[in-house]
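# A closer look at the structure
Residue strings, one per chain:
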Amino acid sequence: METETQFQVDLGNLMAVDLHHQFHSIPSSREELVKECIAKGTELVQAIANNLFNLPSTEDIEGPLVKLPPPTTRLPREKHIPKPKPPTKWELFAKAKGIKNRKKDKIAYDESSETWKRRYGYDRANDEDNVPIIEAKMTDVPGEDPFAKRQQDKKKRVEKQDKNRLQNLKQAAKVGALPSHVQLAATRLPITGTQAAPQKVTKDELGDVAGIAATATASGGKFDKKLPGEKPGKHKGKYRTVCFLPVIGGKGIHTQEQEQTDKILNKLISKNSHEMLNVNKAVNMYNVKKDKKRNNRPEKSSATSSQLKPRKNLQKKPYNKGSSKPFDKGSKKPFNKGSKRPFNKGSSNKGRGK
Amino acid sequence: MRPLDEGESTAVFEKLFKFTGNNLKNIVENPSHEGPDPNPGRYCFRLNKNKVYYVSDSLVKRATNIARANLVSLGTCIGRFTHGGSFHLTVHCLSLVASNAIHKVWLKPTSEMSFLYGNHVSKGGLGRITENIVPGDGVVVFSMSDVPLGFGIAAKSTQGYSKLDPNGIVVLHQADIGEYLRMEDEL
């Protein structure tokens, strides 16, 4: 809509444009520039208001109501033009062979019931799944169920079709020409205003979730098929032992509970048997005994020989635990477990006459 | 109420073993003369709501007549299993453990009260101590009149404690009979 002052006014967008505006002189300062812009803007807004009030208005409670005409200026695209998607494998094949797509009717004639039925869906025409009798062919194996075979064949066909569809999508994704609904599903967009899109699930999180899911099975996920590379779960099986001992033991001498306690006790005692024998104490007793022997022997033997012999180990050994003596258990003399050597004073040389 | 399974049994016996050593056999195979049966039955351990009880067989038989929700306690409680699965001995097992203890410590009268309030035993409070104590051993604390006061873990060996300064800790407190008054609610 042009006015005398040659402003272009687009009432649908409530926009006014002055196409022939020129800055006559470069304004010297920022404030002057601002002033000029505001002045120009005022004229434009005035033009919009004039045109608005020229429109036919209806009366409303709050005032005159005006229906704006549709906008005339085209706004630019927000998103890019969709890229042409690469042709699918079938499309390539059809083009090569020259196969044209023929339009089919929704209704088809069903031979068996001699009526017109829909071509697909519930109660369809020429339905291959509902035949009552399948004639045997020469190529049929005797033990095979032809109905089951048909079902399996169909399943295989469907799987193959699905695989092909995915391959086509992958090809399109490589070029960047995925259909928009698939693109949205692949990269979930965050809802504006909320936090950022959730990150990809990490390996550890996946493992945890798999473990939680495993507890839903009766055996706690112990026998679940694992993918290649999947590590076994941290908590294997159920946490609890299902079978407890009976509360009251049965009659007889050895009930199950007694057996269990005996087993555990023996294990404990044998594990700590090295502490039963106080090794240091036994060693010291042995050494003291040796000293006594050595003290008694010099009395019997000649004086010269005793003076020649180097006197060693004549001081009493200090009795300290964890002592500096490098006594390792592998080389210990054969003591009896738990029994102390008879420490008889003065009888030590009774059987050892020299 | 149910008997302990293997893992739980091992944990209980290990804790008891620290205090009693080989005398653990006496505890487990104690003949009990309770009940009408002329043959002495044995004592056994039962678990009820995370607490472990030391009960005679005849008592257990009768306790099965009480519903689980209503059964509060039976026999002597010796300890409890924590939420994390570890076993702690409580003061109730003192009489049982004290009669079978191998490592003992006697306190001077002056420091008895301090121990009964939950403090550790310092060197100055020690009266007598059995020999051959390794740090980490379970130790039963007696008063000079041979009254068991509680138990704890040895912090030093019998020789090592002579090198300590007079305020050094010898026995780390675990349980004492003063808890019956102080922690009446929690026991």
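Each value, and the rule that gives it
- Residues numbered from 1 in each chain as written.
- Chains lettered and ligands numbered in written order.
- Predicted model: local features only at pLDDT ≥ 70, side-chain atom pairs only at ≥ 80, totals over all residues.
- Heavy atoms only, no water.
- Helix = DSSP H or I, 4+ residues; strand = E, 2+ residues; numbered from the N terminus.
- Contact = heavy atoms within 4.5 Å.
- Areas by Shrake-Rupley, 256 points an atom, 1.4 Å probe, with all protein chains shown as cover.
- Buried area = accessible area lost by both parts, 1.4 Å probe.
- Salt bridge = Lys/Arg side-chain N within 4 Å of Asp/Glu carboxyl O.
- Polar contact = N/O pair within 3.5 Å; in protein donor to acceptor, adjacent residues only side chain to side chain.
- Pairing = 2+ DSSP bridges.
- Buried < 20%, exposed > 50% of the residue type's maximum accessible area, 1.4 Å probe, protein only.
- Phe/Tyr/Trp six-rings, centres within 6.5 Å; stacked < 30°, edge-to-face > 60°.
- Lys NZ or Arg CZ within 6 Å of the ring centre and 35° of its normal.
- Axes fitted to C-alpha atoms, helices over the stretch in contact; angles between N-to-C directions.
- Parallel < 35°, antiparallel > 145°, perpendicular 65-115°, else oblique.
- Left-handed = near helix turned anticlockwise from the far one by under 90°.
- Nonpolar A, V, L, I, M, F, W, Y, C, P; charged D, E, K, R; others polar.
- pLDDT = per-residue confidence, 0-100.
- Patch = residues over 30% accessible without salt bridge, like charges linked within 9 Å, V, L, I, M, F, W, Y side chains within 5 Å.
- Core = buried A, V, L, I, M, F, W, Y, C linked by side-chain atoms within 4.5 Å.
- Expected span 1.5 Å × (residues − 1).

### Section: the overall build of chain A
- When helices and strands are counted, chain A shows 9 helices and 6 strands.
- Looking at chain A alone, contacts between residues at least 24 apart form 43% of all its contacts between residues at least 6 apart.
- On chain A, roughly 31100 Å² of surface is accessible, and the fraction owed to carbon and sulfur atoms is 57%.

### Side note on the interface of chain B and chain A
- On the chain A side, the residues contacting the 28 residues of chain B number 27 residues.
- With both chains or domains summed, chain B and chain A bury close to 2400 Å², and 58% of this area falls on carbon and sulfur atoms.
- Seen at the junction of chain B and chain A, the total is 2 salt bridges.
- Across the salt bridge formed by Lys-263 of chain A and Glu-6 of chain B, the nearest N and O atoms sit 3.1 Å from each other.
- Along the contact surface separating chain B from chain A lie 2 residue pairs in polar contact (both at pLDDT 80 or more).
- For the side of chain B that touches chain A, the secondary-structure elements that each account for two or more residues are strand 1 (2-3), helix 1 (6-20), helix 2 (24-28), strand 3 (41-48) and helix 3 (57-63) of chain B.
- For the side of chain B that touches chain A, the element with the most residues is helix 1 of chain B, which contributes 7 residues.

### Some remarks on the pairing of strand 7 (residues 104-107) of chain B
Residue and element names in this part refer to chain B.
- Judged from the 4 bridges that link them, strand 7 and strand 10 (residues 138-143) form a sheet pairing that is parallel. Looking at the pairing, Val-105 lines up with Val-141 of strand 10.
- Examined bridge by bridge, strand 7 and strand 9 (residues 126-129) share 3 bridges and lie antiparallel to one another. Each residue of the ladder has a partner; that of Leu-107, found in strand 9, is Leu-126.

### Notes on the pattern of salt bridges
All names here are of chain A.
- Per the counting criterion, the structure on display carries 12 salt bridges over all chains.
- The partner of Asp-18 in a salt bridge is Lys-40, and the shortest N-O contact between them spans 3.0 Å. Here Asp-18, found in strand 2 (residues 15-18), pairs with Lys-40, found in helix 1 (residues 30-54); they are 22 residues apart in sequence, far enough to count as distant.
- Two residues, Lys-117 and Asp-123, come together in a salt bridge whose shortest N-O distance is 3.0 Å.
- Residue class for Asp-123 comes out partly exposed when judged on its relative accessible area of 43%.
- In the salt-bridge network here, residues are joined through shared partners; they are Asp-18, Lys-40 and Glu-43.

### Side note on the packing of aromatic side chains
Residues and elements named next belong to chain B.
- Enumeration over the complete set of coordinates arrives at 8 aromatic pairs over all chains.
- For the pair Trp-106 and Phe-142, a centre-to-centre distance of 5.9 Å together with 25 degrees between the ring planes defines the contact as stacked. Taken together, the positions of Trp-106 in strand 7 and Phe-142 in strand 10 put the pair 36 residues apart, joining distant regions of the chain. Each member of the pair, Trp-106 as well as Phe-142, is classed as buried.
- The rings of Phe-13, Tyr-43, Phe-45 and Tyr-54 are connected pair by pair, giving a single aromatic cluster.
- One Lys or Arg, Arg-128, reaches over the ring of Trp-106 and ends 4.1 Å from the middle of that ring.

### Quick notes on the packing of helix 6 (residues 256-271) of chain A against helix 1 of chain B
- As a packed pair, helix 6 of chain A and helix 1 of chain B sit with axes 10 Å apart at the nearest point and diverge in direction by 45 degrees. Taken together, helix 6 of chain A and helix 1 of chain B sit at an angle that is classed as oblique. With respect to the hand of their crossing, helix 6 of chain A and helix 1 of chain B are arranged in right-handed fashion. Contacts between helix 6 of chain A and helix 1 of chain B involve Gln-260, Thr-261, Lys-263, Ile-264, Leu-265, Leu-268, Ile-269 and Lys-271 of chain A from the former and Glu-6, Ser-9, Thr-10, Phe-13, Glu-14 and Phe-17 of chain B from the latter.
- Each residue belonging to the contact of helix 6 of chain A with helix 1 of chain B can be placed in one class, and the counts come to 6 nonpolar, 4 polar and 4 charged.

### A word on the confidence of the model for chain A
All names here are of chain A.
- Per-residue confidence for chain A gives a mean pLDDT of 76; residues scoring 70 or more make up 72%.
- Within chain A, helix 9 (residues 303-308) has the poorest average pLDDT of any element, 50, and helix 2 (residues 89-97) the best, 93.
- Here residues 302-306 is a poorly scored stretch, pLDDT under 50, and it has 1 contact once near neighbours within four places are set aside; other chains count.
- Across residues 313-354, where pLDDT falls below 50, the model places 45 contacts with residues more than four positions away in sequence or in other chains.

### A look at a nonpolar patch on the surface
- Nonpolar side chains collect at one region of the surface, where Trp-90, Phe-93 and Ile-99 of chain A lie side by side and expose about 320 Å² of accessible area between them.
- For Phe-93 of chain A, a relative accessible area of 41% puts it in the partly exposed group.

### Here we look at the nonpolar core
All names here are of chain B.
- Counting residues in hydrophobic clusters, the biggest one holds 34 residues, and the most contacted among them are Val-12, Phe-13, Leu-24, Phe-45, Val-52, Ile-78 and Val-140.
- Per-element accounting of this core gives the leading share, 5 residues, to helix 1.
- Apart from residues lying up to four places away in sequence, Val-140 is in contact with Phe-19, Leu-94, Val-97, Ala-98, Ala-101, His-103, Lys-104, Val-105, Gly-150 and Phe-151.
- Val-121, Val-139, Val-141 and Leu-149 belong to the second-largest nonpolar core, a separate cluster that totals 15 residues.

### Overview of helix 1 of chain A
- Taking 1.5 Å of rise per residue, the 25 residues of helix 1 of chain A would be expected to cover 36 Å, and the 36 Å separating its terminal C-alpha atoms lies within 8% of that figure.
- Of the surrounding secondary structure, the elements contacted by the buried residues of helix 1 of chain A are strand 1 (7-10) and strand 2 of chain A.

### A look at the environment of Val-28 of chain B
- Position of Val-28 of chain B among the secondary structure elements: in helix 2.
- By relative accessible area, Val-28 of chain B is classed as buried at 3%.
- The spatial distance from the C-alpha of Val-28 of chain B to the C-alpha of Tyr-54 of chain B is 9.3 Å, given a sequence separation of 26 residues.
- If we skip the residues at most four places from it in the chain, Val-28 of chain B touches Thr-261 and Leu-265 of chain A together with Phe-13, Arg-42, Tyr-43 and Phe-45 of chain B.

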